[in-house]
Amino acid sequence: MNDQLTKPETKAESTPAESRARVPVYRPLTDIVETDDGVSLMLEMPGVGADDLDISLERRVLTIRGTVRIFRPENVELAHLEYGEGDYERAFTLSEDLDPERIEAELRNGVLTLSLPRAEQKLPKKIAVKTA
Amino acid sequence: MLTPASSFFRNDPFAQLERMTRDMDRMFPGNWSNAPGFPAVNVWRGDEAVAITSELPGVELEDIEITVKDTTFTLSGERKAPDAPKGARWHLRERSHGKFSRAVKLPFVVDPDKVEARFKNGVLQVALHRPDADKPRRIEIRGE
């Protein structure tokens, strides 16, 4: 059975290759929806602020990284833990028909929404032939 | 056809149930909360205060409700589904939405007027304080 389907709230831990010392790296839960105008990605990254986000595009691979500021309240001790805090990382390959120059990003309530508009179709150039 | 005993026992629903209960006990020791679900909560405890944090990505502030009654802290609300125009095609749907409610048993009665709650970047932070009258007081013992 697909783990993500049966436990949609469980954050899947991905390879902690580029993580800070002893901070796990999670793969954000993502929705991808396509319309005629383009593609929208919605990534759950609770705890990540706009300054802690890094979105990069290289050879059509869109990589999203988020750094979390670990919350440690004072004068209390951890009694019950259901979720771990850590960084986020996930990469997507863009299809050819999307315009990498016009990607828009919006962060709201811990969800990053990326709007990837479709590239304007290359219209066949018409060459007007003038008669002398 | 003979079925090997091992495969029979592997599918034994009672054994599965027992294993599930055991796993739950390991995940949720003590009596801190109900069965797991959305949203996930972390709880910190001190002598005079309790801190509760919860991840609520995609939930609007006005859709979150927290209540405190006796020693029960309740966090409820609704996460609305993202808008998508008609004819939109979903390529990936990992996020969930809908109504939610979680209850957390507090180790002591808290002052409902001194609850501090903050919601930032999809994370809720709540600080609950023990009322002064309820704090254990050191009683002076007089000698003869």
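Structural data are supplied above this passage.
Computed from a prediction, not measured in an experiment: that's the story for all the values here. In this numbering scheme, every chain counts its residues from 1 along its sequence in written order. To label them, take the chains in the order written and letter them from A, then take the ligands in the order written and number them from 1. Local features in a predicted model are, by the rule used here, given only for residues with pLDDT of at least 70; side-chain atom pairs are given and counted only at 80 or more, and totals for whole chains, interfaces and linings are based on all residues. Computation of side-chain values covers all heavy atoms of the structure but excludes hydrogens and water.

### Topic: the sheet that holds strand S6 (residues 98-105) of chain B
All names here are of chain B. Going by this rule: Any two strands with at least two DSSP-identified bridges between them are counted as paired. Strands are runs of DSSP state E lasting at least 2 residues, helices are runs of H or I lasting at least 4, and numbering of each runs from the N terminus. Orientation is described by axes fitted as lines to C-alpha atoms, over the contacting stretch for helices, and by angles from 0 to 180 degrees between their N-to-C directions.
Pairing in this open sheet of three strands is antiparallel, and the strands run S3-S4-S6 from one edge to the other. The open sheet has two free edges, formed respectively by strand S3 (64-69) and S6, since each of these has just one partner strand. Across the sheet, the mean angle from the axis of one strand to that of its neighbour is 15°, orientation sign disregarded. Sheet analysis places strand S4 (residues 72-79) next to S6, joined by eight bridges and oriented antiparallel. When the sheet's bridge partners are listed, Phe73 is paired in S6 with Val104.

### Thoughts on the sheet that holds strand S4 (residues 38-44) of chain A
With antiparallel pairing, five strands are arranged side by side in an open sheet as S9(A)-S10(A)-S4(A)-S3(A)-S5(B). In the strand order of this sheet, the two ends are held by strand S9 (104-108) of chain A together with strand S5 (89-93) of chain B, each with one partner. Taking the axes of each pair of neighbouring strands and ignoring which way they run, one obtains an average angle of 15° across the sheet. The pairing of S9 of chain A with strand S10 (residues 111-117) of chain A spans five bridges and is classified as antiparallel. If you follow Leu107 of chain A over to S10 of chain A, its bridge partner there is Leu112 of chain A.

### A closer look at the side chain of Asp31 of chain A
Convention followed: Partly exposed describes any residue whose relative accessible area lies between the buried limit of under 20% and the exposed limit of over 50%, with all areas from a 1.4 Å probe on protein chains only and scaled to the type maximum. In this charge count, Lys and Arg are treated as positive and Asp and Glu as negative; neither His nor the chain ends contribute. Salt bridges, as used here, are contacts in which a Lys or Arg side-chain nitrogen is within 4 Å of a carboxyl oxygen on Asp or Glu. Note on definitions: a residue-residue contact is assigned when non-hydrogen atoms from the two residues lie within 4.5 Å.
Relative to the assigned elements, Asp31 of chain A resides in strand S3 (residues 30-34). Of the side chains with opposite charge, Arg95 of chain B comes closest to the buried, unpaired Asp31 of chain A, at an N-O distance of 4.1 Å. Those residues in contact with Asp31 of chain A, other than ones at most four positions away along the chain, are Ser40, Leu41 and Met42 of chain A together with Pro82, Trp90, Leu92, Arg93, Glu94 and Arg95 of chain B.

### With respect to the pattern of salt bridges
Following the criterion strictly, the structure yields 17 salt bridges over all chains and no others. We note a salt bridge from Glu96 of chain A to Arg60 of chain A, for which the minimum N-O separation is 3.9 Å. Separated by 36 residues along the polypeptide, Glu96 of chain A in the loop between strand S8 (87-93) and S9 and Arg60 of chain A in the loop between strand S5 (53-58) and strand S6 (61-66) bring together distant segments of the chain. Classification of Arg60 of chain A by relative accessible area gives partly exposed; the value is 21%. Across the pair Arg90 of chain A and Glu94 of chain B runs a salt bridge, and its minimum N-O distance is 2.8 Å. On the criterion of chain membership, the pair formed by Arg90 of chain A in strand S8 and Glu94 of chain B in the loop between S5 and S6 is interchain, its members lying in two chains. The same class applies to Arg90 of chain A and to Glu94 of chain B, which are both buried. The network of salt bridges with common partners includes Glu34, Asp97 and Arg118 of chain A together with Arg89 of chain B.

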